[in-house]
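# Results of the structural survey
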Amino acid sequence: MESPNSNINAKKKEAAFFDVAIVGGGLAGLSLSILLSQAGFKTILFEKEEYPFHRVCGEYISLESYNFIERLGMNLSDPRFPLITKLIVSSPNGNFIQSPLEPGGIGISRFHIDNELKKIAVQNGVCLKEKTKVNDIVFVKDDFKILFDSGEVHCKVAVGSFGKRSNLDLKWNRNFIRQKPGRLNNYIGIKYHIKTSFPSDTIALHNFKNGYCGLSKVENENYCLCYLTTARNLNENKNSISALEKNVLSKNPFLKKIFSEAEFVFKDPVAISQISFDKKTLVENHVLLTGDAAGMITPLCGNGMSIALHSSKIAFEIISEFLQHRVSRHKMELQYSELWMRQFSRRMNNGRLLQKFFGKEVMTNNFIGGIKHFPFLIKKLIKATHGNEF
């Protein structure tokens, strides 16, 4: 006869086993957790922060994602979320082009959308562990152990959705971590919310020396002001963000006007460093990687939010096949990588190519000055930054 203690231990062990564990509660992790839970798979999601919170992000979602987000259970037709249908791009000297933006997008903050998707995930039965940092994911005998400070859980499938750079990237010594600082892997990102006078249907991309800054409206009459530049640019300004904005960004007359006239909602900006656009592996130690953990799109090629959401759909479809014993683990990993590459590799490569040229003052000034006379080329470039509805 089993003792009461052995029954308790057995129940604890059973409760600690999940079909899928997702590390990282950004757009990819949240949407994947919702899809899995809706399909009846026992899912746990780890997020090191506590919702709601701000992230460094351009906060523009292409309409290619609209129907997918609504299928998850979120209403995007809310009038608080502006429809963005126009684009302005300026060079460091203030020259600019204007163009229709097709198919356009929605302005919505990560503070809002992440929190709403978190609520939907919990309502659908996802086991959410906020304020929990995962220390390692270990593959043992065809299962995973997810190790965190207060314990561990076991699962059949593990997914890494931990963003641009994490402690797990360092622990696993991933390929992009080993790269020497260069043109694609040593960037900083800065984000503010501001109040300003700017058309709510327009997104702007203002270039400056070794960087560019996006501006678009989100909810609550706020605008997202988010810029990317090199770590070297910051170092040359004595690691002072305010000095960088005064001495470099404000050389662009559009940005000078914004920084001198706008009301800044944040006391301090949200910042992230050591951003890499280098190629990343899609599977690491049998862990499937989604969102920015799988590969970060340059803002010049846009739509990182849509790519994160789409990658979760791809991951869900192949994970569900594996959990229903229709494909092997090896086949799951292989098919996920193939589908991801087929969907996003061209956009990623376009972004890396553009990244090498933009931010160089003379080249950007000449490019903007020249391309404004060829609207069909502008339209072609915009098309390259947007995917199809999924």
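Our subject is the structure listed above.
What you see is a predicted model, and the numbers here were worked out from it, not measured in a lab. (Residues numbered from 1 in each chain as written. Predicted model: local features only at pLDDT ≥ 70, side-chain atom pairs only at ≥ 80, totals over all residues. Heavy atoms only, no water.)

### Topic: the pairing of strand β7 (residues 134–140)
Strand direction decides the pairing type here: β7 and strand β8 (residues 143–148), joined by six bridges, are antiparallel. Within the sheet, the bridge partner assigned to V138 lies in β8 and is K145. The antiparallel hairpin formed by β7 and β8 contains two residues in its connecting segment, where K141 sits at a positive phi of about 50°. (Pairing = 2+ DSSP bridges. Helix = DSSP H or I, 4+ residues; strand = E, 2+ residues; numbered from the N terminus.)

### Thoughts on the pattern of salt bridges
Applying the stated criterion across every chain yields a total of 18 salt bridges. For the salt bridge of K86 with D201, the shortest nitrogen-to-oxygen distance reads 3.5 Å. Placement of K86 in strand β4 (residues 83–90) and of D201 in the loop between β10 (187–195) and β11 (202–208) is noted, with a sequence separation of 115 residues between them. Take D201: its relative accessible area is 22%, and that puts it in the partly exposed class. Among the salt bridges present, the one from E261 reaches K257, with a minimum N-O distance of 3.0 Å. Here E261 and its partner K257 are both found in helix α8 (residues 253–261), four residues apart, which amounts to about one turn of the helix. Overall, the relative accessible area of 55% leaves E261 in the exposed class. Residue classification places K257 among the partly exposed positions, given a relative accessible area of 47%. Overlapping salt bridges bring together E47, R55, R110 and D114 as one network. (Salt bridge = Lys/Arg side-chain N within 4 Å of Asp/Glu carboxyl O. Buried < 20%, exposed > 50% of the residue type's maximum accessible area, 1.4 Å probe, protein only.)

### A short note on the packing of aromatic side chains
Inspection of every chain in the model, using the stated rule, returns 11 aromatic pairs. On the basis of an interplanar angle of 40° and a centroid distance of 5.5 Å, the ring pair of Y51 and F53 is categorised as tilted. Between F259 and F264, the ring centres sit 5.8 Å apart and the planes meet at 25°, which makes this aromatic pair stacked. For F259, a relative accessible area of 17% puts it in the buried group. By relative accessible area, which is 25% here, F264 ends up partly exposed. Each member of the aromatic cluster is reached from another via a ring pair, and the members are Y192, F259 and F264. The positively charged end of K42 is found above the aromatic ring belonging to F18, 4.9 Å away from the centroid. Positioned above the aromatic ring of F176 is the side chain of K280, whose terminal nitrogen or guanidinium carbon lies 4.4 Å from the ring centre. (Phe/Tyr/Trp six-rings, centres within 6.5 Å; stacked < 30°, edge-to-face > 60°. Lys NZ or Arg CZ within 6 Å of the ring centre and 35° of its normal.)

### Some remarks on the packing of helix α2 (residues 27–38) against helix α4 (residues 110–123)
Angle between the axes and distance between the axes are the two parameters that describe a pair of packed helices. With their axes 9 Å apart at the nearest point, α2 and α4 run at an angle of 20° to one another. Relative to α4, the element α2 lies roughly parallel. Along this stretch, α2 crosses α4, giving a crossing that reads as left-handed. Within the contact between the two elements, α2 uses L27, L30, S33 and I34 and α4 uses R110, I113, D114, L117, K118, I120 and A121. Split into classes, the residues belonging to the contact of α2 with α4 amount to seven nonpolar, one polar and three charged. (Axes fitted to C-alpha atoms, helices over the stretch in contact; angles between N-to-C directions. Parallel < 35°, antiparallel > 145°, perpendicular 65-115°, else oblique. Left-handed = near helix turned anticlockwise from the far one by under 90°. Contact = heavy atoms within 4.5 Å. Nonpolar A, V, L, I, M, F, W, Y, C, P; charged D, E, K, R; others polar.)

### Regarding the state of the cysteines
Using the criterion set out here, one finds zero disulfides in the structure. Looking at the unpaired C57, the closest cysteine sulfur is the one in C224, lying at 6.9 Å. C57 gets classed as buried once you look at its relative accessible area, which sits at 11%. With no disulfide partner, C127 has as its closest neighbouring cysteine sulfur the one in C155, 12 Å distant. (Disulfide = S-S within 2.5 Å.)

### Points about the nonpolar core
In terms of nonpolar packing, the biggest core is built from 70 residues, with F46, I113, I137, I146 and I319 touching the most fellow members. No other element matches helix α9 (residues 304–323), which puts 11 residues into this core. The next biggest cluster of nonpolar side chains, apart from the first, holds 22 residues, and it includes I190, F208, L255 and A262. (Core = buried A, V, L, I, M, F, W, Y, C linked by side-chain atoms within 4.5 Å.)

These values are about where atoms sit, not about what they do.
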